[in-house]
Amino acid sequence: MGEAADGSVLAKAAEAANQGRRAGGLVLFHAAHSTCSQKVRLCLAEKGLAYESRVLEIRRNEHLSAEYLAINPNGVVPTLTHDGAPVVDSSVICEYLDEVFPTPPLSPQAPLDRARMRTWLRYLEEVPTAAIRVPSINAIFLPVIRDLGEAWEDVKRRAPLRRHLYERIGEQGFDQREVQHSMEQLSDTFRRVDQALQAQPWLVGDDLSLADLVLLPTVVRLDDLGLSSMWADLAAIGDWYARITSRPSFARAFFAGSRLGRADAERVF
Ligand SMILES: N[C@@H](CCC(=O)N[C@@H](CS)C(=O)NCC(=O)O)C(=O)O
């Protein structure tokens, strides 16, 4: 009994040391309000991984500096470096972390279930993650963009991935057609998510997975934009939202200053 206890204490200590050594090489380049950064912070928190935090000042275009573009040529946050090697794209970073630090697992075991999780990840990237930019910019970021003046013209010229999106932002933000399109995409997402959650507690089954973590920041953002009525009648989503935001990882990933209110417009970007 004593031997077994000693053994497990030693094993735990060895694992902790090992974990610490490996996690010691993790550096996250991110921004407090960035939904894509929040996805990765949730994953790191669920895994209990320590990392060095480098917060970029998006407003000062630090994400478009030559140094940053050298590790992420897309000029967006987040980027994770592991022992100096960059990994880009939030879902890719989450999958990488889950492979390299498999405990606790955030992907199902069975290949078919893993494929289902990845299908969610692709859908979440392509549909709601893109759609949420439109109401976010119109409701929160527009005054900041106006204040930037010539600096904003510079962003539009230099942003490797977002030039064309930013060119569509007029004096009043995105036009009504674009807002409507984005809101439809977000509603479609909620219908699809609700259907999945009526059958099981988490998006891909009985256990929390990366799909849930990658969805959450969009839901939080809509909540912050005062749009929680979008899922008010969808009880399964309300229940999922209450469960996932009561996990300790939520408070760690959404540290003070990570959420938006209208009054935050001056501080963000
Ligand atoms: N596919 C990328 C998208 C990252 C992304 O769009 N990041 C936004 C913040 S959520 C950003 O850096 N925006 C600054 C800009 O576009 O100028 C990912 O998932 O990491």
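Fair warning: this is a prediction, and the values are worked out from it, not measured in the lab. (Residues numbered from 1 in each chain as written. Predicted model: local features only at pLDDT ≥ 70, side-chain atom pairs only at ≥ 80, totals over all residues.)

This paragraph deals with the nonpolar core. By size, the foremost hydrophobic cluster in this structure holds 53 residues, and its most contacted members are Cys 43, Cys 94, Leu 210, Ala 211, Val 214 and Leu 215. Taken together, the elements giving at least two residues each to this core come down to β1 (26-30), α2 (35-47), α4 (90-100), α5 (111-126), α7 (133-148), α10 (176-199), α11 (210-224) and α12 (235-245). Looking at this core element by element, the count peaks at nine residues for α11. Here Leu 210 is in contact with Cys 43, Cys 94, Glu 95, Asp 98, Leu 106, Ser 107, Met 117 and Leu 121, once residues within four sequence places are set aside. (Core = buried A, V, L, I, M, F, W, Y, C linked by C-beta atoms within 7 Å. Buried ≥ 20, exposed ≤ 12 C-beta atoms within 10 Å, placed from the backbone. Helix = DSSP H or I, 4+ residues; strand = E, 2+ residues; numbered from the N terminus. Contact = placed C-beta atoms within 7 Å.)

Near the ligand, the surroundings consist of Ser 34, Thr 35, Cys 36, Ile 58, His 63, Val 76, Val 77, Pro 78, Asp 89, Ser 90, Ala 159 and Arg 162. When its residues are assigned to classes, the shell around the ligand shows six nonpolar, four polar and two charged. (Near = placed C-beta within 6 Å. Nonpolar A, V, L, I, M, F, W, Y, C, P; charged D, E, K, R; others polar.)

Relative to the helices and strands, Leu 106 resides in the loop between α4 and α5. Between the C-alpha atom of Leu 106 and that of Cys 94, which follows or precedes it by twelve residues, the distance is 9.0 Å. When near neighbours in sequence (up to four residues on either side) are disregarded, Leu 106 contacts Cys 43, Glu 46, Asp 98, Leu 208, Ser 209 and Leu 210.

Looking now at the packing of α10 against α12. Between α10 and α12, the shortest axis-to-axis distance is 8 Å and the interhelical angle comes to 80 degrees. If you check the angle between α10 and α12, you find them roughly perpendicular. Packed against α10, whose contacting residues are Phe 190, Val 193, Asp 194, Leu 197 and Gln 198, the element α12 presents Ala 236, Ile 237 and Trp 240 at the interface. Here the contact of α10 with α12 is composed, by residue class, of six nonpolar, one polar and one charged. (Axes fitted to C-alpha atoms, helices over the stretch in contact; angles between N-to-C directions. Parallel < 35°, antiparallel > 145°, perpendicular 65-115°, else oblique.)

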